[in-house]
Amino acid sequence: MMNQDTITALVKNALAAREKSYCPYSGFAVGAALLAADGTIYTGANIESASFTPTVCAERVAMFTAVHKGERNFTALAVVGGKSGAEVSAYCAPCGVCRQVLSEFCAPDFPVILFDGKTPKVIPLSTLLPASFGKADLT
Ligand code: THU
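Within any chain, residue numbers begin from 1 and follow the written order of that chain's sequence. It should be noted that, the model being predicted, local features are given only for residues of pLDDT at least 70 and side-chain atom pairs only at 80 or more, the latter also being counted only at that level, while totals for whole chains, interfaces and linings use all residues. With hydrogens and water stripped out, all remaining heavy atoms of the structure feed into the side-chain values.

Explain the sheet that holds strand S3 (residues 74-83) to me, please; I cannot follow it from the model alone.
Note: strands within a sheet are paired through backbone hydrogen bonds, in either parallel or antiparallel orientation. Two strands are counted as paired when DSSP detects at least two bridges linking them. Secondary structure is summarised from DSSP: a helix means a run of H or I of at least four residues, a strand means a run of E of at least two, and numbering begins at the N terminus for each. Pairing is mixed across the open sheet formed by 5 strands, whose spatial order is S2-S1-S3-S4-S5. Only two strands of the sheet have a single partner each, and these edge strands are strand S2 (41-45) and strand S5 (120-124). This sheet shows a mean twist of 20° between the axes of neighbouring strands, independent of strand direction. Across 9 bridges, strand S1 (residues 28-36) lies against S3 in antiparallel orientation. Each residue of the ladder has a partner; that of Gly31, found in S3, is Val80. Pairs of residues are marked as contacts when any of their non-hydrogen atoms sit within 4.5 Å. Each axis is a line fitted through C-alpha atoms, and for a helix only the stretch in contact is used; angles between axes span 0 to 180 degrees, taken between their N-to-C directions. Here helix H1 (residues 4-18) sits on the sheet in contact with S1, S2, S3, strand S4 (111-115) and S5, set at roughly 140° to S1. Of the strands in this sheet, S1, S2 and S3 are in contact with helix H2 (residues 58-68), which crosses S2 at around 140°.

Structural data, given as structure tokens:
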């Protein structure tokens, strides 16, 4: 079970990160907060592009920032999303690409925290990405 204080801190960081979202095309702002094993919290927000496909999700911004800083051990991730300029009011689960990227560095029981503006919900990565393809398949 995740500690409630940790969940609260990660949700708060994800909500703050969401404020930095650049989403003029979708109008959907997402924030992510990734807790590393050493206690550092890495954050991200979605960043869109006029040519659409270069858009990067909040989760990958957080994950790639952390890995680039030398971190590869992660404890939990919080994700929040919703209409830009409005309060978060529904759960926003990571997209399929982000689930795959998470599985590169995180164990099946890795907790993904979602928040609807009221109640945090914790889902293990293996529930989000069952029967996954990973590094073991390449050996
Ligand atoms: N988005 C994320 O950042 N994370 C998710 O988990 C779902 C989708 C972004 C991508 C795009 O900028 C916008 O939300 C609408 O899809």
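What is the right way to look at the packing of H2 against helix H3 (residues 96-105) in this model?
Each pair of packed helices can be described by the angle between their axes along with the distance between the axes. Running from N to C, H2 and H3 cross one another at 25°; their axes reach a closest spacing of 10 Å. Accordingly, the angle class assigned to the pair H2 and H3 is roughly parallel. Helix-helix and strand crossings are classified by hand; for H2 and H3 the assignment is left-handed. Across the interface between the two elements, Glu59, Arg60, Met63, Phe64 and Val67 from H2 touch Val97, Cys98, Val101, Leu102 and Phe105 from H3. Roughly parallel means an angle under 35 degrees; roughly antiparallel means over 145; roughly perpendicular covers 65 to 115; every other angle is labelled oblique. Two helices that cross are described as forming a left-handed crossing if the nearer one is turned anticlockwise from the farther one by less than a right angle, and a right-handed crossing if clockwise.

Mind showing me how you'd approach the site of the ligand here?
Looking at the ligand, the residues that line it are Ser26, Phe28, Val30, Asn46, Glu48, Thr55, Cys57, Ala58, Glu59, Ala93, Pro94 and Cys95. Cys95 is positioned with one of its backbone polar atoms (N or O) 3.4 Å from an oxygen atom of the ligand. Here the accessible surface of atoms and residues is derived via Shrake-Rupley with a 1.4 Å probe, and residues count as covered only by protein chains that are part of the display. Computed on the free molecule, the ligand has an accessible area of 370 Å², of which 79% lies beneath the protein chains in the complex. Looking at the shell around the ligand, the elements with two or more residues in it are S1 and H2. Here the shell around the ligand is composed, by residue class, of 7 nonpolar, 3 polar and 2 charged. One heavy atom suffices: a residue is near a molecule or strand as soon as one of its heavy atoms comes within 4 Å of it. Polar contact criterion, stated in full: a pair of N or O atoms within 3.5 Å, where within protein one must be able to donate a hydrogen and the other to accept it, and residues adjacent in sequence count only if both atoms are side-chain atoms. Gly counts as polar in this scheme, as do all residues outside two lists: the nonpolar Ala, Val, Leu, Ile, Met, Phe, Trp, Tyr, Cys and Pro, and the charged Asp, Glu, Lys and Arg.

How do you make sense of the layout of surface pockets when you look at a structure like this?
Space inside the largest pocket adds up to approximately 180 Å³. Cavities and pockets are defined on a 1 Å grid built over the protein atoms alone: a cavity is a set of grid points where a 1.4 Å probe fits but cannot escape, while a pocket is an open set with protein on both sides within 12 Å along at least five of seven lines, and lining residues are those with an atom within 4 Å of any such point. Lining the largest pocket are Ser103, Glu104, Cys106, Ala107, Pro108, Leu125, Ser126, Leu129, Ser132, Phe133, Gly134 and Lys135. Elements that contribute at least two residues to the lining of the largest pocket include exactly H3 and helix H4 (125-128). The residue inventory of the lining of the largest pocket, partitioned by class, reads 6 nonpolar, 4 polar and 2 charged. Grid points are joined across faces, edges and corners, and a volume is the space filled by probe spheres set on the points.

Keep in mind these numbers describe shape, not what the thing actually does.
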